[in-house]
Each structure stands twice: as structure tokens, then as C-alpha cells.
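# An overview of the molecular structure
The residues making up each chain are set out below.
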Amino acid sequence: MLAIVARSNPRDREFERVMRDHERMVVNTAYRLLGRMEDARDAAQEVFLRLLKNLNRIEGDPKPWLYRVTVNVCNDHYRRRLPVKEPDARRADPTPDASRILEMGDRKRLLMEALATLSPRERAAIVLRDIEGLSTREVAGILGIEEVTVRSQISVARVKLAKFVRGRK
Amino acid sequence: MTCEECEIALGRAESRSEVAAHLLACHACSELAAEMRANAEALESMRGERFASLRVRVKRPLLPAFIAAAAAVVLAIFTGIHFREQTLPPVHYALAPMKFEISPVAPSPPRIAKKRVRPLAPLMVKMLTSDPNVVIYWQIDREQEGMEQ
């Protein structure tokens, strides 16, 4: 939900429309990439500031542009961020759980932890492909890499995530 | 097929007969495959999740609005002066005698102080941009914070 005070400016109206349509997408993607809502909000703020500055240059659907900028902003943010405390080693030991079946909520939490262990490119690829549901071609376009590279990164990332979750159960 | 090859195939979501045969024979890869299926389901379910929304307001200093406000102030001053200069006719009025009646007051029940639950005020963040005419206000809806993961 957003509102622009000066409604007389068509540029502002366009900005409002683009923001309204894509705000959720940007915040969600940033959250998956950064793992913290505070950081995601900061990143989204930066993304929309860049949108405001570049609105006239964006032609057609702004979605790929927004995804690309979100990934770039999040990568910058990730690099600047203070190092996150290493996961507790004790938790890495597999617990002798009889069922070994994770609830969906626990699995999601573990996956968020696991995403942080991936390289920035792997993380971006898996978030865009498996969470945002984009096609391999779209992901390749957004990240500026070949489709075959995206496939490889996603494949590696999926295996890493599965091994991480299995190790934490 | 080796386990490494199977992992790559699983990562690419390939469903070749070789992979299926390996999964039947290899318990570790079979577990990994089950894990990957569950992960894929969990990741997909994240797509529909909603988080606290951001509210953004772009405020621009509006010169015409300022002029209109100034004009309104000037108009109000002149109108006030005009009304003050008008002489009003005297008004005569008489008060009727009033009767007071005091009735016994029943003791009121003890008042229980209600705990007021104050709603969380939205968090407002002001951001200056390189454009002096553009100031971005971020209003974060804290009511929806509970929805966050």
C-alpha cells in the first residue's frame, strides 16, 4: 500500500503504479536473498529509489529490471553486512529423531539458513528459479549469464540445500 | 551411474531410467532425492507468502499550494477586519428564574480500569534523495509484523 502526495505529476503516478504492482515481489525476493526483514526493507528502499531515478529509462515490463536491481542491491548489501555468526556446530550433528520428518515450517526455516550458505550467484539463481518461479531463460536474462550456467548453479544449489537440511535433522 | 552423477541429475530434476535405477539401489541418494522433493515443495510454498508491506510517500514541495495557502491567509485577515468594522444591533434578553432539584445519588459501582491496548504506530522513515525536490517517506505497517517469518 502506498500513496503519493503530489498526484499531479504523471511520473509520480507511474512510480506509484509500478511500486504498487511490484513492491511485494521486491520485498519477498530481498528477504529470501538476505534472510532478514530489516535488511530486506533497506534493500527494497534502495531498489525503489533507483526506480525513481531511472523510471524514464525503463521500457516495457519493469519486472526484469526490478529483479536485476534487487539482486544487485542485495549482493552489495550482503558484502557490506557484518559477518553473521557461524551456525552452532552442535546443531550440525544429526539428532537421532525417529521420524526424521520435518514440519513445513521447520523446513522453511532451515532452508532460509541454508540459503545463506550458498554463493551469491547460486542463491540468486535458486531464489529466482525455485521461489519466484521464473524460467531458466528469465533467470539467465536477469543475472546476465548463460542458461546453461543457471542450470548448473541451480543443480548445485539444490543438492547443497538438501544436504544442509539433511544434516540438520 | 555414480552417486555424484545421480546428485547432478537430481539437481537438474532429471527423471531418467538410470537415475531411477540408482535410487532403488542407493539408500543415500534415495534419501537425498526425497529431501530435494520436500525442499522443492517448501520453496514453492514460499512464493505465496506475504510480508509486512511498505508504504512509500514521495513528497514534493508544492509552490502553487504554498501560494494558495498564503492567499487564503491574506483573505482570512481581510475578512476578519471587515467583520470587526461592522456594528451589530444590541441584543436584549431576560433570564427566567431557574429551579434546582437535588436528587440522592446512588453510589456508583467501582470502576475497573480497562487496560488500553494501543495499536502500534506505523514506523515512518524519511529519506533524502540527491534530488532536493524529492523526499521519500517510508511508512512501515507494523500491524502486519506478526506475519513475518
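What comes next concerns the included structure. (Residues numbered from 1 in each chain as written. Chains lettered and ligands numbered in written order. Predicted model: local features only at pLDDT ≥ 70, side-chain atom pairs only at ≥ 80, totals over all residues.)

Attention now moves to the overall build of chain B. Of regular secondary structure, chain B possesses 4 helices and 3 strands. Listing each helix as α and each strand as β along chain B from the N terminus yields α-α-α-β-α-β-β. Counting every position in chain B, which comprises 149 residues, the buried fraction comes to 14%. Of the contacts formed within chain B by residues at least 6 apart in sequence, a portion of 49% connects residues at least 24 apart. (Helix = DSSP H or I, 4+ residues; strand = E, 2+ residues; numbered from the N terminus. Buried ≥ 20, exposed ≤ 12 C-beta atoms within 10 Å, placed from the backbone. Contact = placed C-beta atoms within 7 Å.)

The next subject is the overall build of chain A. Helix and strand counts for chain A come out as 8 helices and 0 strands. The linear arrangement of helices and strands in chain A, starting from the amino end, is α-α-α-α-α-α-α-α. Of all 169 residues assigned to chain A, the portion counted as buried reaches 37%. Partitioning the contacts of chain A with sequence separation of at least 6, the portion at a separation of at least 24 is 64%.

The next thing to look at is helix 1 (residues 3-11) of chain B. By the burial criterion, the buried members of helix 1 of chain B are B:C6, B:E7, B:A9, B:L10 and B:G11. Those residues of helix 1 of chain B that are buried are in contact with helix 8 (147-168) of chain A together with helix 2 (17-25) and helix 3 (27-46) of chain B. Positive phi shows up at B:A13, right after helix 1 of chain B, with a value of about 55°.

What follows deals with the environment of A:V150. Residue and element names in this part refer to chain A. Tracing the chain through its elements places V150 in helix 8. For the pair V150 and E122, spaced 28 residues apart in sequence, the C-alpha to C-alpha distance is 8.3 Å. Leave out the neighbours within four places in its chain, and V150 touches A125, T136, V139, A140, L143 and I145.

All names here are of chain A. With their axes 8 Å apart at the nearest point, helix 7 (residues 136-143) and helix 8 run at an angle of 105° to one another. Judged by the inter-axis angle, helix 7 sits roughly perpendicular to helix 8. Along the contact surface, helix 7 presents T136, R137, V139, A140 and L143, while helix 8 presents E147, V150 and R151. Looking at side-chain class alone, the contact of helix 7 with helix 8 contains 4 nonpolar, 1 polar and 3 charged residues. (Axes fitted to C-alpha atoms, helices over the stretch in contact; angles between N-to-C directions. Parallel < 35°, antiparallel > 145°, perpendicular 65-115°, else oblique. Nonpolar A, V, L, I, M, F, W, Y, C, P; charged D, E, K, R; others polar.)

Under the 1.5 Å per step criterion, the end-to-end length of helix 5 (residues 104-117) of chain A is 20 Å for 14 residues, consistent within 8% with the ideal 20 Å. Among all positions in helix 5 of chain A, only A:R107, A:L110, A:L111, A:A114 and A:L115 are buried. Axial view of helix 5 of chain A: buried residues confined to an arc of 150°, hence all on one face. Along its buried surface, helix 5 of chain A packs onto helix 1 (10-34), helix 6 (120-131) and helix 8 of chain A together with helix 3 of chain B. (Expected span 1.5 Å × (residues − 1). Arc of directions from axis to C-beta.)

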